[in-house]
Amino acid sequence: DMNTPAAGADAFTTRFDGPAPEVAVSKDMIKRGLIAAPALIAACAVIWGADGAISSAYAIAIVLTNFALAAALIAGSARISLAMMMGAVLFGYLIRLGLIFLAVWLVKDTAWISFPALGSTIIITHLGLLFWEMKFVALSLAAPGLKPTGSNTSTSLLSGSAPTCPRSMCGSSG
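Residue positions are given per chain, counted from 1 along the sequence in the order it is written. In keeping with the predicted nature of the model, local features appear solely for residues at pLDDT of at least 70, side-chain atom pairs appear and are counted solely at 80 or more, and the whole-chain, interface and lining totals rest on all residues. The basis for the side-chain values is all heavy atoms of the structure; hydrogens and waters are excluded.

(A) Structural context of the overall build of the protein chain. Every helix listed is a DSSP run of H or I at least four residues long, and every strand listed is a run of E at least two residues long, numbered separately from the N terminus. Each helix and strand counted, the protein chain has 5 helices and 2 strands in total. When the helices and strands of the protein chain are placed in sequence order, the string is α-α-α-β-β-α-α. Accessible area is worked out with a 1.4 Å probe on protein chains only. A residue is then buried under 20% of its type maximum, exposed over 50%, and partly exposed in between. The buried share of the protein chain, taken over its 174 residues, is 31%. Taking the intrachain contacts of the protein chain between residues at least 6 apart in sequence as the baseline, contacts between residues at least 24 apart amount to 62%. Using a 1.4 Å probe, accessible areas were evaluated by the Shrake-Rupley method; residue-level cover was limited to the displayed protein chains. Total accessible area computed for the protein chain in this model is approximately 10600 Å², and 72% of it derives from carbon and sulfur atoms. Contacts are assigned to residue pairs with any non-hydrogen atoms lying within 4.5 Å of each other.

(B) Here's a closer look at the nonpolar core. Among the buried residues, those of types Ala, Val, Leu, Ile, Met, Phe, Trp, Tyr and Cys that are joined through side-chain atoms within 4.5 Å form a nonpolar core. Within the largest apolar cluster, 18 residues are counted, with the highest numbers of intra-cluster contacts made by Met29, Ile60, Ile62, Phe67, Leu118, Ile122 and Leu129. Contributing elements (two or more residues each) for this core: α1 (21-78), α2 (82-106) and α3 (115-134). For this core, the element with the most residues is α1, which contributes 10 residues. Ignoring any residue separated from it by four or fewer positions in sequence, one finds isoleucine 62 in contact with Ile100, Ala103 and Ile122.

Such coordinate-based values are descriptive only and should not be taken to indicate function.
This is the structure in structure tokens:
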């Protein structure tokens, strides 16, 4: 099975062919970002006018593209090797920061840019979506990615309640 490293395998040759939970999480974050976008754009329009609204929409596009690119880099590189994934995460972060800088630099002299709206939207959208998504991510290796729906061990562990199991498996008689 290519989903679990074999004994003696190393990071240069081990790869993962299974489902990519980071893609599911990223898609979920993008969906939530699109849901929140109208409110954020409207707030920027009230504070900074039409230029603020346009700048906010541009910033939201930057952030959602950043999340999609991060997931694509991780998922694609994990299928090559763990070492490639580690490099993609490290250097991908630096490259994505450079792309955000480039996206801002390309519009720095345009008439419609509102830097307070752009900067605050980039920060609020990144942090807001990450914190919002924390409620929906399973913190278990048994079910990585988004929390499974329904009652199960991983969600009960996250909620702090004891997991339930059949008596025959738990050894409990009462």
